[in-house]
Amino acid sequence: MTNPVSSSGLDNYKVQWTGTNGSKLFGSYVIVSKNPSTPSKVEKITATLPYTVNFSAPKNALISAAGATGNQGAVEIKILKNGSECDQISVVGSGAMANKTCQ
């Protein structure tokens, strides 16, 4: 199986937030390009779990996602780059905001 990679210099990402279904999610994701002339992009999210967002970003971008619930329930984050899951966990803990990065 091959991963779908754009020939336009972009990678395809999917960010998934999961936890107790119906819990209120307060989260964000960040796209940081290694090209200094390309601005970073921060997207805030207020949604209900589970929640998924799909987007494309420049090759070698740094993608970070964070999330918490109003009731301090557990939030799990998956970042998939071109169909493969990234496993770089920055911070995870009870009562702490979950945070994952992918490069």
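Now for a description of the structure that goes with this document. As the structure is a computational prediction, the values presented were derived from the model and not from experiment.

### Observations regarding the pairing of strand E2 (residues 24-32)
Phase 1 of the analysis: Side-chain alternation along E2 places Leu25, Gly27, Tyr29 and Ile31 on a buried face and Lys24, Phe26, Ser28, Val30 and Val32 on a face that remains uncovered.
Phase 2 of the analysis: Examined bridge by bridge, E2 and strand E5 (residues 62-69) share eight bridges and lie antiparallel to one another. Along E5, the bridge assignment pairs Ile31 with Ile63.

### Notes on the packing of aromatic side chains
Phase 1 of the analysis: One pass over the structure, following the stated rule, counts three aromatic pairs.
Phase 2 of the analysis: Between Tyr29 and Phe55, the aromatic rings sit 4.8 Å apart at their centres with planes inclined by 10 degrees, giving stacked as the arrangement. Of this pair, Tyr29 sits in strand E2 while Phe55 sits in strand E4 (residues 51-58), placing them 26 residues apart in sequence. Residue Tyr29 shares its accessibility class with Phe55, and that shared class is buried.
Phase 3 of the analysis: Feature note: the residues Tyr13, Tyr29 and Phe55 constitute an aromatic cluster, connected by ring pairs.

### A short note on the sheet that holds strand E1 (residues 10-19)
Phase 1 of the analysis: Taken in spatial order, the four strands make up an open sheet running E4-E1-E6-E7, and their pairing is antiparallel. On the outer flanks of this sheet lie E4 and strand E7 (84-86), each paired with one strand and no other. Strand after strand, the sheet turns through a mean of 30 degrees between neighbouring axes, direction not considered.
Phase 2 of the analysis: Relative to strand E6 (residues 75-81), E1 is paired through seven bridges, and the arrangement is antiparallel. Residue pairing across strands places Trp17 opposite Ile77, the latter belonging to E6.

Criteria and thresholds
- Residues numbered from 1 in each chain as written.
- Predicted model: local features only at pLDDT ≥ 70, side-chain atom pairs only at ≥ 80, totals over all residues.
- Heavy atoms only, no water.
- Buried < 20%, exposed > 50% of the residue type's maximum accessible area, 1.4 Å probe, protein only.
- Helix = DSSP H or I, 4+ residues; strand = E, 2+ residues; numbered from the N terminus.
- Pairing = 2+ DSSP bridges.
- Phe/Tyr/Trp six-rings, centres within 6.5 Å; stacked < 30°, edge-to-face > 60°.
- Axes fitted to C-alpha atoms, helices over the stretch in contact; angles between N-to-C directions.

As far as function goes, none of this settles anything; it's purely spatial.
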